[in-house]
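Commentary on secondary and tertiary structure
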2 protein chains.
Amino acid sequence: MTDAAKPDFPVSEYQTRLERTQRAMHDQGLDALLFTTEAEMRYFTGFRTLFWLSPTRPWFLVVPKTGKPIAVIPEIGAALMRTTWIDDVRSWSSPHEDDDGVSMLADTLRDCTKVGIPMGRESSLRMPLNDLARLHELLPGMEPVDATPLIQSLREVKSVAEVETIAEICAIASRSFANAPRLFHEGQTLKEAFRAFKIDLLREGAEDVPYLVGGADQGGYADVISPPGDKPLRAGDVLMLDTGATLRGYYCDFDRNWAFGHASDAARRAYRTLYEATDAALNIARPGATCRDLYNAMAGVIDPQGKTSGGNVGRYGHGLGMQLTESPSNIHFDMTVMKPGMVMTLEPGMEVEDGKIMVHEENLLITDGAPVLLSERAAPELPIL
Amino acid sequence: MTDAAKPDFPVSEYQTRLERTQRAMHDQGLDALLFTTEAEMRYFTGFRTLFWLSPTRPWFLVVPKTGKPIAVIPEIGAALMRTTWIDDVRSWSSPHEDDDGVSMLADTLRDCTKVGIPMGRESSLRMPLNDLARLHELLPGMEPVDATPLIQSLREVKSVAEVETIAEICAIASRSFANAPRLFHEGQTLKEAFRAFKIDLLREGAEDVPYLVGGADQGGYADVISPPGDKPLRAGDVLMLDTGATLRGYYCDFDRNWAFGHASDAARRAYRTLYEATDAALNIARPGATCRDLYNAMAGVIDPQGKTSGGNVGRYGHGLGMQLTESPSNIHFDMTVMKPGMVMTLEPGMEVEDGKIMVHEENLLITDGAPVLLSERAAPELPIL
């Protein structure tokens, strides 16, 4: 076992995840779960690699109703997989001319009838559709069942070890955001501001910065998903940076806003409104509250007359963990009930003035009592750099 | 139009891509193409955002047999999409309670029968399977056709503008690799070496470092896909770093090896063999050669008796561009013929001694004559730091 493969969590973490999962499978009469995606593979095995960025090879994980998960994976990953707590690693030489793991996967699922496969909201299929069709041909008796609700409700509640990891990366990002006065300045291009911030995150201890978006313009910004351009920061600009930095494969996801030199009244008011909206959600973010409750608490501050519906983002925050965004969503139709151990973002946004928006975001842990902020709370008034 | 949304390429780039595509669609009798994935969305529209990291919302692109592509996307992306050359942007408030763009997509495809959808090697489906089933219900006359060969063969041949971008990020990574003597040292943990290298890549001009893997151990390393651990680098270690850094959304993908203090004879020999294997492929990487030819040229140097089959990586390189790895693969069964404009990696690997491997990688452009190296050629002998 190489040092590189030191597991992120003790074996007990994965045993607990499996026990919770197999109890849920039993309740639903499932013979197996089949996953093709990175987060689920890692959730059950601890297998962590950036190699998923290459679309060439499919990776399969089968969770049987009893016993440990079975990895059906390309040979290139077998050595690393064997360093995890998994015993049954089946591999083939991939890419393969005409059978990229499909018959091996079919053999693994041979005795299963009801097979849970994620098919619902937020899910994707990381294998070719042709190969899924072939799997069905090889297993005519297989009855696929949507496993999305099962796996989402399990992953929504984080363990103590997961929360510690997320808290650590949130603390790292909080330190980098606090470094803003020495990182950002008028005349700097947005592209350079992004670069300076990424380097600072790495220096503060982030292992990676897979996600950094933002915007800057007079009194607000046009959108929150664009890459940075070459326009220099000017007095009166509001700069927003929103980062998903990672540690041991877990994300933080929050943003901060600053004005350069001076801020418009509209920008100050919007900032204050979003701060108060976040407060309103923090006040009720306890077990029993639903995502809809959180959404309504924020919407009630931002838009007391109920004229809009969350702006173009569509929701005011979401779950957080191994992925930048996870189920559930703080939106009017999501009736997911808060439970201790859930890690959520609160992400209210609003229009500042014509075509300019502002977004706030905090990360928090739901507990038996008041929620615990994992991000260091934003300043109550728009900070001026 | 915000500065952030300055397009990566002139409109003519996207027009040419569309014309080539629609000619191929005409030849195959296709009424439309349907894409759900980032690379294809960006290939046809120029729409570039890291927001794809969030799995919450599906994004759809329809390429009709005549006229510009049609984007069917969440409202959060509509403003940015409208800054591209695309005219027809259809959006809905996403996440949606019960119809996350599916009926809007069905309306867009209403008059199409033969619809090309990627279903083959290297493809995935970035939308819920339930929603794909619903789309088929809404469009009972739709006949899906596998569009994988069509889109892969188009994307394999890069334009001059694409090649310039890839060459630029390769030059950036070459500079960072050349900085190795001041970045890496004995006693440094592999994790710290990774961090130093990422920061250097950003300083040299990379916009992002989505991919950095590697290994270090006495005389070789155990695998090439692991995250780094906390073990300090020691004399006799061979360190390998393999990076996919990006510029304007295009990747480089190559590695370098160094020994610390001294190198074993086996490590020196393996390094030299892989260097010569790369040379053998460079000598024949011209129009008309197949991926199999490239594979055989390298295999003939590494394993003249033909005892192995490419090690656990399974191939000796691949296409390169908007994704870290793209079609085709340098493997014994891939008969793809080299054409001018293809950007490829050569990635021979071999076992150094029991359980220790070594991998080399270079990036090159296929031209009418000899190939042009985009990565600065590795030293001919294993460098000692």
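Residues numbered from 1 in each chain as written. Chains lettered and ligands numbered in written order. Predicted model: local features only at pLDDT ≥ 70, side-chain atom pairs only at ≥ 80, totals over all residues. Heavy atoms only, no water.

Named according to an unreviewed UniProt entry, chain A is Aminopeptidase P family protein originating from Hwanghaeella grinnelliae.

We now examine the UniProt feature "domain: Creatinase N-terminal" (unreviewed entry) in chain A. Per the UniProt record, "domain: Creatinase N-terminal" (unreviewed entry) is found at residues 17-157 of chain A. Secondary structure content for residues 17-157 of chain A is 36% helix and 19% strand, while the C-alpha to C-alpha distance between its ends is 10 Å. (UniProt positions renumbered as here; feature names shortened; annotations may be inferred. Helix = DSSP H or I, 4+ residues; strand = E, 2+ residues; numbered from the N terminus.)

Right, let's get into the packing of aromatic side chains. Residues and elements named next belong to chain A. Summed over the entire model, instances satisfying the criterion amount to 30 aromatic pairs over all chains. Taking 5.4 Å as the distance between ring centres and 45° as the angle between the ring planes, the aromatic pair formed by F47 and W59 counts as tilted. In this pair, F47 sits in the loop between α2 (38-45) and β2 (60-64) while W59 sits in the loop between α2 and β2, placing the two residues twelve residues apart along the sequence. In this structure, F47 and W59 share a single accessibility class: buried. (Phe/Tyr/Trp six-rings, centres within 6.5 Å; stacked < 30°, edge-to-face > 60°. Buried < 20%, exposed > 50% of the residue type's maximum accessible area, 1.4 Å probe, protein only.)

Residue and element names in this part refer to chain B. The residue L320 is located in the loop between β11 (318-319) and β12 (326-329) in this model. Classification of L320 as buried rests on a relative accessible area of 0%. With 25 residues separating them along the chain, L320 and T345 place their C-alpha atoms 6.8 Å apart. When near neighbours in sequence (up to four residues on either side) are disregarded, L320 contacts K158, I166, Y251, C252, D253, E326, V343, T345 and N363. (Contact = heavy atoms within 4.5 Å.)

Before going further, it helps to spend a moment on the domain arrangement of chain A. All names here are of chain A. Here the domain parsing of chain A yields domain 1 (3-154) and domain 2 (157-373). Between the C-alpha centres of domain 1 and domain 2 there is a distance of 32 Å. Contacts between the two partners involve 15 residues from domain 1, matched on the other side by 18 residues from domain 2. Each partner contributes to the roughly 1,200 Å² buried at the junction of domain 1 and domain 2, and carbon and sulfur atoms together form 48% of this total. Interface area lost by domain 1 to domain 2 is led by F9, R42 and E122, which between them contribute 35%. Applying the counting rule to domain 1 against domain 2 returns two salt bridges. Between E162 and R17 there is a salt bridge whose closest N-O contact spans 3.3 Å. (Domains from an automatic or database assignment. Buried area = accessible area lost by both parts, 1.4 Å probe. Salt bridge = Lys/Arg side-chain N within 4 Å of Asp/Glu carboxyl O.)

It is worth spelling out the state of the cysteines at this point. Under the defined criterion, the tally for this structure stands at zero disulfides over all chains. The thiol sulfur of C170 of chain A is not disulfide-bonded, and the nearest other cysteine sulfur, from C252 of chain A, lies at 5.3 Å. (Disulfide = S-S within 2.5 Å.)

Here we take up the sheet that holds strand β5 (residues 114-117) of chain B. Residue and element names in this part refer to chain B. Strands sit in the order β4-β3-β2-β1-β5-β6 across an open sheet of six strands; the sheet is mixed. Taken across any chain shown, the strands that pair with only one partner, and hence form the sheet edges, are β4 (88-92) and β6 (143-146). Going from strand to strand, the sheet's axes swing by 25° on average, the running direction of each strand aside. Where strand β1 (residues 32-35) and β5 come together, two bridges link them in parallel fashion. By the bridge assignment for β5, L33 is matched with G116. Across the sheet, helix α2 (residues 38-45) lies against β1, β2 (60-64) and β3 (70-74), angled at about 50° from β2, the strand it touches most. (Pairing = 2+ DSSP bridges. Axes fitted to C-alpha atoms, helices over the stretch in contact; angles between N-to-C directions.)

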